[in-house]
Protein chains: 2
Amino acid sequence: MSFETVSQSRCCGGTQFVYRHDSRETGTPMRLAVFVPPQAETGKVPVVWFLSGLTCTEENFTVKAGAQRVAAELGLILIAPDTSPRGEGVPDDPEGAYDFGLGAGFYLDATEAPWARNYRMRSYLERELPGLVAEALPADMTRQGITGHSMGGHGALTLALRDPGRFKAISAFAPIASPMNCPWGEKALTHYIGPDRSAWREYDACALIEGGARLPDLLVDQGTADGFLDSQLKPRLLEEACARAGQPLTLRMQDGYDHSYFFIATFIEDHLRWHAERLGP
Amino acid sequence: MSFETVSQSRCCGGTQFVYRHDSRETGTPMRLAVFVPPQAETGKVPVVWFLSGLTCTEENFTVKAGAQRVAAELGLILIAPDTSPRGEGVPDDPEGAYDFGLGAGFYLDATEAPWARNYRMRSYLERELPGLVAEALPADMTRQGITGHSMGGHGALTLALRDPGRFKAISAFAPIASPMNCPWGEKALTHYIGPDRSAWREYDACALIEGGARLPDLLVDQGTADGFLDSQLKPRLLEEACARAGQPLTLRMQDGYDHSYFFIATFIEDHLRWHAERLGP
């Protein structure tokens, strides 16, 4: 199989794997964490992708969210990819900032030098990795859901909006609702894609919805005590875009919750049940 | 209050705190993680202590075990102390080994130089910290349970065995069953307590049980794929000591589980329910 096993641990009756493989798209080795539930011993099961936020690797969601217990009950494979290419020769933010470069791939295909060679997380997640997963894992690729946190919430929404057939269930935790309209997104898009803002629209959930893209429905949780709420995340922009377009959205403002994994751990069960209902038994 | 708040996050309807305070016993600042469940808003609630293993701080259990969800349901305060004193002037293993010194206090009061000044985790957990907790938190100190992992399982068992009135519920995950009879324990006890093995007995669960100490009952989970099972943990020594002494023990060998927090995350719910049953509503 195309994945090399870095580690595996029994967890909640299933198995938590960390895999490594050489990526054609990023030109680097990539890691991903995969939880395989007990139901996969007897047949293919649905898949839920979790895209992580700035600074994260495949590990954060896997060790902090407590998602395996629910995935084991519902019979879901969970896949947590890394958030950027890494390794020798992969360019990083010149000042080593946390919000660009390593750990901050923004789920796009960079077009600008020196980023364009390695920063191809969009194609990696749209084409390469699903192909490898379908080949290597007991995954029913006709039943995929996607969710993510912060930058990964942006990734989940934009991947799903650009490819409406692929995901039957879509949700997000504190997503960057409109990268075109916040400092994190403006910095990333300027450097990865260049100054032409019209080229940014395919990486902006609000712009995609405005342009006619649709999802079956959408669940978003956002903590009211999240320090990035007003400056970076801006869920009201998503709410307004959905309202204007008639896009169904369940936006839950969660009182007192912040941007940490304690927030994700609190609501991951709701999200996985939302996904399981839409992915079918 | 005696605790300074380092961080706090809403989690599962309660609040996850990290506190800092100056310890009289260790002569250093100490941190602890405390989860306060929603039930504490209207009255005092029982407390479950979790003692962590080698290399850990107050953080590992707090972010990796997924315990808050169950504690919020059952109405339990969870307290995860650090595993050793830390900071400038605190002596560490001369070779920086992971199994002695910083992160490896072994829940004892050292008597040997240079360890005796700071390495006083026993008195810290037997006297100082419970006093501070009783003063600062909505904790019903007549209803305490204790559990822990690996070195912390050893800590939980020996603290409870030496003070039979204090804890109404005791359990452990992959505890070091007999520090006198494994390399981790022999190294720690030799350096912290000195070469006289008779002085080691108060830090050995099997020796304490052999000497007449008793617990109401005891739940122990141990993974069969734990890489430290035969060399360090040796649950059969505990099983034999309990059998000889008539000490009730539920030892569950969990097929295929290793020594990681994926093992703890899998069985923490069982343990917290065991504690809640014994601590009362």
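Everything below is about the structure printed above this text.
Computed from a predicted model, the values in this text were never measured in an experiment.

*Asks:* Explain helix α5 (residues 183-193) of chain A to me, and be specific about the residues and the numbers.
*Replies:* All names here are of chain A. Where α5 is concerned, the buried positions are Trp184, Gly185, Ala188, Leu189, Tyr192 and Ile193. Mapping the buried residues of α5 onto a view down its axis gives an arc of 110°, with all of them on the same face. Tucked inside the fold, the buried residues of α5 contact α7 (229-233). Note on α5: the residue one or two positions beyond its end, Gly194, has a positive phi of about 100°.

*Asks:* Explain the sheet that holds strand β7 (residues 167-173) of chain A to me, and be specific about the residues and the numbers.
*Replies:* Pairing in this open sheet of 9 strands is mixed, and the strands run β1-β2-β3-β5-β4-β6-β7-β8-β9 (chain A) from one edge to the other. Of all strands in the sheet, those bounded by a partner on one side alone are β1 (4-11) and β9 (250-254) of chain A. Taken over all neighbouring pairs, the strand axes of this sheet differ in orientation by 20° on average, direction set aside. Bridge count between strand β8 (residues 219-223) of chain A and β9(A): 5 bridges; the pairing is parallel. Bridging from a neighbouring strand, Gln222(A) pairs with Met253(A) of β9(A). Of the strands in this sheet, β4 (45-51), β5 (77-81), β6 (139-148), β7, β8 and β9 of chain A touch helix α9 (residues 261-279) of chain A, which is tilted by about 165° from β7(A). Helix-sheet contacts for helix α9 (residues 261-279) of chain B involve β1 and β2 (14-22) of chain A, and the interaxial angle to β1(A) is about 25°.

*Asks:* Account for unusual backbone geometry, naming residues and giving values.
*Replies:* With the exception of glycine, most residues fall at negative phi, and the peptide bonds are largely trans. The omega torsion of the bond from Ala113(A) to Pro114(A) falls at -5°, within 30 degrees of zero and hence cis. Relative to the helices and strands, Pro114(A) is located in the loop between β5 and α3 (121-136). Positive phi outside glycine occurs at Ala174(B), with the angle close to 45°. With respect to the helices and strands, the residue Ala174(B) is situated in the loop between β7 (167-173) and α5 (183-193).

*Asks:* Account for the interface of chain A and chain B, with residues named and values stated.
*Replies:* Contact residues are listed per partner, giving 21 residues for chain A and 21 residues for chain B. In total, about 1600 Å² of surface goes out of reach between chain A and chain B, with carbon and sulfur atoms giving 59% of it. Among the residues chain A hides against chain B, the three largest losses belong to Arg10(A), Val63(A) and Phe262(A). Together they make up 37% of the total. In this structure, the connection of chain A to chain B is made through 0 salt bridges. There are 8 residue pairs in polar contact (both at pLDDT 80 or more) connecting chain A and chain B. Among the secondary structure elements, those contributing two or more residues to the side of chain A that touches chain B are β1, α1 (59-64), α2 (67-74) and α9 of chain A. Of the residues in the side of chain A that touches chain B, the class split is 6 nonpolar, 9 polar and 6 charged.

*Asks:* Can you tell me about the relation of the copies chain A and chain B, naming the residues and giving the values?
*Replies:* When chain A is fitted to chain B, the best match, at an RMSD of 0.0 Å, comes from turning it 180° and sliding it 0.0 Å along the axis. Here the two chains are linked by the operation of a two-fold rotation axis. Looking at the interface residues of chain A, 100% of them are also at the interface in chain B, so both copies use one shared face.

What counts, and at which threshold
Residues numbered from 1 in each chain as written. Chains lettered and ligands numbered in written order. Predicted model: local features only at pLDDT ≥ 70, side-chain atom pairs only at ≥ 80, totals over all residues. Heavy atoms only, no water. Buried < 20%, exposed > 50% of the residue type's maximum accessible area, 1.4 Å probe, protein only. Helix = DSSP H or I, 4+ residues; strand = E, 2+ residues; numbered from the N terminus. Arc of directions from axis to C-beta. Contact = heavy atoms within 4.5 Å. Pairing = 2+ DSSP bridges. Axes fitted to C-alpha atoms, helices over the stretch in contact; angles between N-to-C directions. Buried area = accessible area lost by both parts, 1.4 Å probe. Salt bridge = Lys/Arg side-chain N within 4 Å of Asp/Glu carboxyl O. Polar contact = N/O pair within 3.5 Å; in protein donor to acceptor, adjacent residues only side chain to side chain. Nonpolar A, V, L, I, M, F, W, Y, C, P; charged D, E, K, R; others polar. Least-squares fit on C-alpha atoms with pLDDT ≥ 70 in both.

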